[in-house]
Structures are given as structure tokens and as C-alpha cells.
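If you want the building blocks of each chain, they are given just below.
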Amino acid sequence: MRRIIIYLAVTLLFSSFSFAQAPDTLWTKIYDPGTWNSVSQVLQTGDDEYIVVGSSRQNSDPTDIWVLKTDQLGNMQWELFCGGPGFNHGQSVLITADGGYLISATVQDTLNSGDNISFIKIDGIGNIEWEIQFEKNEDDWVRESQHTADGGFIHTGTTGIYRDGLDFLLLKTDSECNTEWAVTFGGGLYECSFSVQQTTDGGYITAGGTESYGSGWVDVYVVKTDSRGNLEWDAVFGYSDYDRARTVRETQDGGYLILAYTYSFSSNCDLWLIKTDCLGNMEWDQVLDNGDADCGYSFLEAPDGGFVITGVRSGDLWLLKTDSIGNIEWETSIGYQGSLNEAGKSLQQTSDGGYIVAGEIYSGKGMLDLWLVKFGPVLGIPEGSQQVSNMLIGTISPNPFSSSLSITYSIPQMGHVEISVFDYSGRLIENLEDCAASSGEHTFVWNPDPSLPIGCYMVVLDSCGEQSVRRCVKL
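Predicted, not measured: the structure shown is a model, and the values here were computed from it.

Participant: Tell me what's going on with the sheet that holds strand S20 (residues 270-276), and back it up with residues and numbers.
Facilitator: With respect to topology, four strands assemble into an open sheet ordered S18-S19-S20-S21, the strand pairing being antiparallel. Looking at which strands have only one partner, the edges of the open sheet turn out to be strand S18 (243-250) and strand S21 (282-288). Taking the axes of each pair of neighbouring strands and ignoring which way they run, one obtains an average angle of 20° across the sheet. The sheet contact formed by strand S19 (residues 256-262) and S20 spans seven bridges and is antiparallel. Pairing of Tyr261 across the sheet is with Leu271, part of S20.

Participant: Which residues make up the environment of Val67, and what values go with them?
Facilitator: Considering the arrangement of structural elements, one finds Val67 in strand S4 (residues 63-70). Along the sequence, Val67 and Gln41 sit 26 residues apart, while their C-alpha atoms lie 9.9 Å from each other. Residues within four places of Val67 in sequence aside, it is in contact with Ile51, Val52, Val53, Trp78, Glu79, Leu80, Ile103 and Ile122.

Participant: If you had to explain the environment of Val223 to someone new, which residues and values would you point to?
Facilitator: Examined against the element boundaries, Val223 turns out to sit in strand S16 (residues 219-225). The contact partners of Val223, leaving out residues within four places of it in the chain, are Phe168, Phe185, Tyr204, Ile205, Thr206, Leu231, Trp233 and Asp234.

Participant: Tell me about the sheet that holds strand S5 (residues 76-82), and name the residues and values.
Facilitator: Strand order in the open sheet formed by four strands is S2-S3-S4-S5, with antiparallel pairing between adjacent strands. Edge strands, defined here as strands with exactly one partner in the open sheet, are strand S2 (36-44) and S5. For this sheet, the mean angle separating the axes of adjacent strands, direction not counted, is 20°. Examined bridge by bridge, strand S3 (residues 50-57) and S4 share eight bridges and lie antiparallel to one another. Opposite Arg57, over in S4, you have Thr63 as the bridge partner.

Participant: How would you explain the nonpolar core if you had to name every residue and give the values?
Facilitator: Among the nonpolar cores identified, the biggest contains 19 residues, and Ile407, Tyr409, Ile419, Trp446 and Cys472 are the most heavily contacted of them. The set of elements that each furnish at least two residues to this core consists of strand S29 (392-397), strand S30 (405-411), strand S31 (415-423), strand S32 (428-437), strand S33 (440-446) and strand S34 (455-463). Element by element, the count of residues in this core is highest for S30, at four residues.

Participant: Can you explain the side chain of Asp123? Please cite residues and give values.
Facilitator: Inspection of the secondary structure puts Asp123 in the loop between strand S8 (114-122) and strand S9 (128-134). At 7.2 Å, Lys121 is the nearest oppositely charged side chain to Asp123, a buried residue that forms no salt bridge. Engagement of the side chain of Asp123 in a polar contact is seen with the backbone nitrogen of Ile125, the distance being 3.0 Å. A distance of 2.8 Å separates a polar side-chain atom of Asp123 from the backbone nitrogen of Asn127.

Rules and cut-offs
Residues numbered from 1 in each chain as written. Predicted model: local features only at pLDDT ≥ 70, side-chain atom pairs only at ≥ 80, totals over all residues. Heavy atoms only, no water. Pairing = 2+ DSSP bridges. Helix = DSSP H or I, 4+ residues; strand = E, 2+ residues; numbered from the N terminus. Axes fitted to C-alpha atoms, helices over the stretch in contact; angles between N-to-C directions. Contact = heavy atoms within 4.5 Å. Core = buried A, V, L, I, M, F, W, Y, C linked by side-chain atoms within 4.5 Å. Buried < 20%, exposed > 50% of the residue type's maximum accessible area, 1.4 Å probe, protein only. Lys, Arg positive; Asp, Glu negative; His and termini not counted. Salt bridge = Lys/Arg side-chain N within 4 Å of Asp/Glu carboxyl O. Polar contact = N/O pair within 3.5 Å; in protein donor to acceptor, adjacent residues only side chain to side chain.

This is the structure:
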């Protein structure tokens, strides 16, 4: 096993270490304003707080668009419920230049028994400033909205008549959501688009599912257009059963990564990664199957060319990191005992290098709630690493802790022992032990300064030229 030596410049150790562990869970929050609550997207705001959009049903009423603003620790600051008398679903949130927010939603048209797309502008404290609706066909649904380089927005979703067939919808609006152009793509059956992004050449990439093309029941459908929405190329990927894309993004090499799911290999859902070149030709694909239901909903590309993904694995919220060809480098999953299902739906990297995940969780009553989970940054030190013989940090408890922490360690022979605490940037917080110790097990209690910030820290044992590392979380 590779040996690590901590010098005074601890930050060099963290930056040069060759493998990484899954990030720590720093905090979680559950929000339950109604009997059925779902989430679509989370963003970190300019003040390092969070804005979330989704939907909420109050008792047996139709669903409302739900917008939630929290502070840095997930404590609610304000919330907004809006929408018409029918079923309303908040799908996307964007931060606007004036510090407000643009909400994209699907709203039910109770007069015409169809659905329209609604754009709602709110200010920084949740007051509605204006609303514009877009209607192309009887059923129009929005799935994702993104900023464009000209200060406007690009939106994707579905349009058509549900009972007769639906097509991909690509809609370009200006900064006040006035329509500039709208185009559709698809065949005679059902197509649904879930993701869109403006590409570096000024065009757009969008992805979802198709029944009209391909060999399976539903296949992954990807469409690339120019800056005016004219088709440049499209591509279909699929096997024998139900395969559909959830998210597509342009990658650092000019190609595209498609996060999809497939039922073609088992009765359960499997996460499917598809990497293409700039023209939509497949370069590689990777099916991640844990033996149970595995599905990805949101991802981002890491600086090293790998991908960080959130979704669901075996009923728990799942966060994982792959390398540049889809091999898992680290993963973590969290869930509540007795809950039916948890899933990560939206992912963003935060200003501290960690991640915020907005997900869904079934409460003990079987009702769906919003779940925010904050993960810390990824370190290059695996928990319990660098153990030799019987030298290790054993239990640390309680963990997380608020005021004091009991630390147990053991060494195989008499020797000099140093135990120190570092934060995630590699900054030394406190030297806990610097003494000679006999062989065997030892326990002591750390009482940190009460002003120590909330967060994740590393306890490092150094003795006889070897090291052991454990994580702890201060609440």
C-alpha cells in the first residue's frame, strides 16, 4: 500500500494524493408542505444559499408550483406556491441578472383540457413580477430551461396532442420570455425531450426518448441544431426495451455525454452512460447495474474529464463519480430506515467544492417529500487509510459531534505518536497529541474551541512513519 507522509505543507498532500473517497454528508433537510411534494431543480445562489423549484399537493387538491429559498444550511427563508386551478408542475429555475428568478412550469389549461408552458418571473424574495404563457398545441410541456449567450433563454419539452402523438419542442425566448422561434422534431408516435444546452458553436443539443425511431419500445433520441433551431444531425441509441435520456451536456473535448436509463438488460432500471463525438457518433457506453434499480437523473463533468452523477441506487439516494470512460471511482448512497425510496434529482457543485443534491424521499406515511443533501468536497484521503500492522484510528464518537469527540487509536509497538486535525483545505486546526505512547489501545477526548465552524474535518494519526485517517463532522 502506498505510504503517505504529512509534512508541514499539508495542502500538498491533499492535492497530490492519487485516489479519492466519496464526500462526506454535511447536512440534510426534509421539507413537507403538502401531502405530495416533488423536486425538479436546485441552484446555489450568489450568496451561497439555495433556490429550489418543484411541485406540492395540498391534501387532495391539484398540485401547485413550489419555489423554496434556503440559507447556507438549508433553513427555509421563504417559499412560494403558485399556479392555476389545475395541475401545475415547476420544472426549472434560473437566476436572472437582477437577482430574481425565472421559473419554467407546465400548467394545466382547465378550459381546453390540455397543458401550457408558463414562465414566471419572481424577485429575490419570492414576489411574482410577471407571467407569460406559451401555447403551441393542445399539450405543451417544458422540462428544462437554460441561459443563452445573448441574454435570453432556451427551453425544451414536448408539444402535440397527447392522444395522437408528441414531438420534441425547442423554444427560444428573449430575456423577458417573448418567443423568438420554436421548432419541433419527431415522427408519428411519441417523443419527449428532457434536457437542453447551448453548445460552444452557438447551437443547441437536446435529448430524451423516441417511439418513432430505433429498434426498441423507446430509444434514446438526441438532436443537434444550429443557432436558429435548424437540424444539423440527430442520433438514436437503444436496445430491445425501454431506453431514455435524462440529461445531455457538451463535454470538454467537444463531444457529448448522455445520462440515460435502460430496461433492456434486466427487469430493473439500469443507469446508462453514452459518450459521443461532436457529430453524435458513439465513442463508448457504460451500463452501471448494481443488481437492483439504478437510475441517474443529473450530472456534471469534473475537471479531470470524469463525471459526477446523482440518482437512485437500490432505493437510496446515490452520488457517484466516474472516470472519463464511465468506470466508477467513488460512490456513496444514503437513505432513511423504513423509507420506501429516495432519489437524487438535481445536482450542482457548490462554491466550497462540494455538492448540493435536491432529491425526493417517501416519509413514514408514504408521502413524497423534498430532500436537500449537502455533500462536502472530495478529498484524496480514504477513511481508515494507510493502516499498517495494528496501527489505526479506531472509533471516533459521537460522529457527527457538537462539543466533544472521543477518539480511540492503537499502535503495534511503543513509539512517538502525533494526532492532528485538519480542515478540508489542508489547514491545521489543532495538534491533539504529541507524545510517546505504549503499544496497544488508547482513548482521549477532544474538546475543540466552541467557535470551530460547522463542517467536515480529518483526524490524522502519525506514528512509526505510518498514518491513519478518519473523518469527523462538526455540527
